[in-house]
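# Results of the structural survey
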Amino acid sequence: MTRKAGDDVRTPHHVAIIMDGNGRWAAGRGLPRIKGHKAGTAVIEEIIDTAVKMGIKHLSLYAFSTENWRRPEPEVSVIMSLLRFYLRLHISRFCNKGVRFHFLCDLEAMPESIQRDVIEVETATAKESEMVFHLAVNYGSRAELVKAVQSCIKDGLKPEAIDESTISSRLWTAGVPDVDLLIRTSGELRISNFLLWQCAYAEFYFADCHWPDFNQNRFRDALEAFASRDRRFGGI
Ligand code: IPE
Ligand code: IPE
Ligand code: MG
């Protein structure tokens, strides 16, 4: 279900977060960038717990973009091992917290070992129903839209058979409500190819701190700011 004017707008159904600033967090402490990625991974659990407590139904975290493959191989490799470690941790810690895990990406493009872990954690949490946690890895919104268009063509759809719901239902977020609140840490004011279609009417919140310093209080500040926004969806 997607929000429209007049709904109870105080609690967002879907919060998406661009977890940015790990490298600068580390550099500011004289540490290598990978320490920033490790510290950033540690923040995720607190944010998931807070989201569940606040009654958020969908939480999407941007962990690695299609463009991040341009980074030096040693950094990419550390991020991928953190992802594997995190997936294992998720199986043991989140199964009984009501959190269903969903991997937001073209799974087939990921290394096989990661594919297996993802399927395992998605299957293990399939019945959890408090919140869905979407982890975007190797995610690019343009690539996602291109795939959606390709699938319409492969299915032989005529132009007049294609409307907005046809596209939405062919994205990796099929069935997930549009983003209500998009948060980005690190002070950067851009969307970096994240959920372009799904953020059409999202409220934006930019936090000055780097991701490893984001915590439940800062998250609550963002939710409070959201609660005071006047959303119009093109109306008056
Ligand atoms: C976000 O932190 C994590 C990823 C993009 C993988 P960065 O690594 O982009 O950190 P900065 O922006 O360089 O500080
Ligand atoms: C966006 O951060 C991607 C993730 C947080 C995973 P980047 O650090 O890659 O974005 P740019 O390059 O500053 O736009
Ligand atoms: Mg960055």
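Worth saying up front: this structure is predicted, and the values here are computed from it rather than measured.

Attention now goes to the site of ligand 2. Within the structure, ligand 2 sits among Ile-18, Met-19, Asp-20, Tyr-62, Ala-63, Phe-64, Asn-68, Arg-71, Arg-184, Arg-190 and Ser-192. With respect to ligand 2, the side chain of Asp-20 contributes an N or O atom lying 3.2 Å from an oxygen atom. For ligand 2, an oxygen atom lies 2.6 Å from a polar atom in the side chain of Ser-192. Notes on ligand 2: free accessible area 390 Å², of which the protein chains cover 78%.

All right, on to unusual backbone geometry then. Even without a glycine there, the phi angle at Asn-138 is positive, about 55°. Assignment of secondary structure puts Asn-138 in strand β4 (residues 131-139). Among the residues examined, Asn-138 registers a relative accessible area of 10% and is labelled buried. We note that Asn-193 has phi near 65°; this positive angle belongs to a residue other than glycine. Within the secondary structure layout, Asn-193 lies in the loop between β5 (181-184) and β6 (203-206).

Moving on to the packing of helix α3 (residues 73-94) against helix α4 (residues 112-124). Interaxial distance between α3 and α4 falls to 9 Å at its minimum, and their mutual angle equals 25°. Classified by the angle their axes make, α3 and α4 are roughly parallel. The hand of the α3/α4 crossing is left-handed. Here Met-80, Leu-83, Arg-84, Leu-87, Arg-88, His-90 and Ile-91 of α3 lie close against α4, whose contacting residues are Ser-113, Ile-114, Asp-117, Val-118, Glu-120 and Val-121. Taken together, the residues that form the contact of α3 with α4 break down as seven nonpolar, two polar and four charged.

Our focus in this paragraph is the pairing of β5. Covered by surrounding structure in β5 are Leu-181 and Ile-183 together with Leu-182 and Arg-184, the residues of both alternating faces. Note: strand β1 (residues 14-18) against β5, four bridges, orientation parallel. Of the residues in β5, the one forming a bridge with Ile-17 is Ile-183. In this sheet, β6 lies alongside β5 in parallel orientation, the contact comprising four bridges.

On to the site of ligand 1, then. In the vicinity of ligand 1, the contacting residues are Met-19, Asp-20, Gly-21, Asn-22, Gly-23, Arg-24, Arg-33, His-37, Ala-63, Asn-68, Arg-71 and Ile-79. Contacts to ligand 1 include Gly-23, whose backbone N or O atom sits 2.9 Å from an oxygen atom. When isolated, ligand 1 has an accessible area of 370 Å², and the protein chains bury 87% of it. When atoms are counted within 2 Å of each cavity's grid points, the one that captures over half of ligand 1 is the largest pocket. Mapped by element, the contributors of at least two residues to the shell around ligand 1 are α1 (22-27) and α2 (33-53). Per element, the largest residue contribution to the shell around ligand 1 is three residues, and it comes from α1. Residues belonging to the shell around ligand 1 are distributed by class as follows: three nonpolar, five polar and four charged.

Cut-offs used in this document
In this numbering scheme, every chain counts its residues from 1 along its sequence in written order. Here every chain gets a letter starting at A, and every ligand a number starting at 1, in the order they are written. Predicted model: local features are reported for residues with pLDDT of at least 70 only, side-chain atom pairs are reported and counted for 80 or more only, and whole-chain, interface and lining totals are derived from all residues. Each side-chain value is derived from all of the structure's non-hydrogen atoms; neither hydrogens nor water enter the calculation. Proximity criterion: a residue is near a molecule or strand once any of its heavy atoms comes within 4 Å of it. In protein, a polar contact requires one atom able to donate a hydrogen and another able to accept it; more generally it is a pair of N or O atoms within 3.5 Å, and residues adjacent in sequence count only if both atoms are side-chain atoms. Per-residue and other accessible areas were derived by the Shrake-Rupley procedure at a 1.4 Å probe size, with only the shown protein chains allowed to occlude residues. To qualify as a helix, a DSSP run of H or I must reach at least 4 residues; to qualify as a strand, a run of E must reach at least 2; elements of each kind are numbered from the N terminus. Partly exposed residues are those whose accessible area sits between 20% and 50% of the maximum for their type, while under 20% is buried and over 50% is exposed, using a 1.4 Å probe and protein chains only. Angles shown run from 0 to 180 degrees and are taken between the N-to-C directions of axes, each axis being a line fitted to C-alpha atoms and, for helices, limited to the stretch in contact. Any angle that falls under 35 degrees is termed roughly parallel, while one over 145 is termed roughly antiparallel, one within 65 to 115 roughly perpendicular, and all others oblique. Put simply, a crossing is left-handed when the front helix is turned counterclockwise from the back one by less than a right angle, and right-handed when it is turned clockwise. Only heavy atoms matter for contacts: two residues are in contact if any of them lie within 4.5 Å across the pair. Amino acid classes used here: Ala, Val, Leu, Ile, Met, Phe, Trp, Tyr, Cys and Pro are nonpolar; Asp, Glu, Lys and Arg are charged; the rest, including Gly, are polar. Strand pairing is assigned whenever DSSP identifies at least 2 bridges connecting the two strands. Here a cavity is any set of points on a 1 Å grid over the protein atoms alone where a 1.4 Å probe fits but cannot get out, and a pocket is any open set with protein on both sides within 12 Å along at least 5 of 7 lines; a residue lines the site when it has an atom within 4 Å of a point. To decide whether a molecule occupies a pocket or cavity, check its atoms: if more than half lie within 2 Å of the grid points, it is inside.

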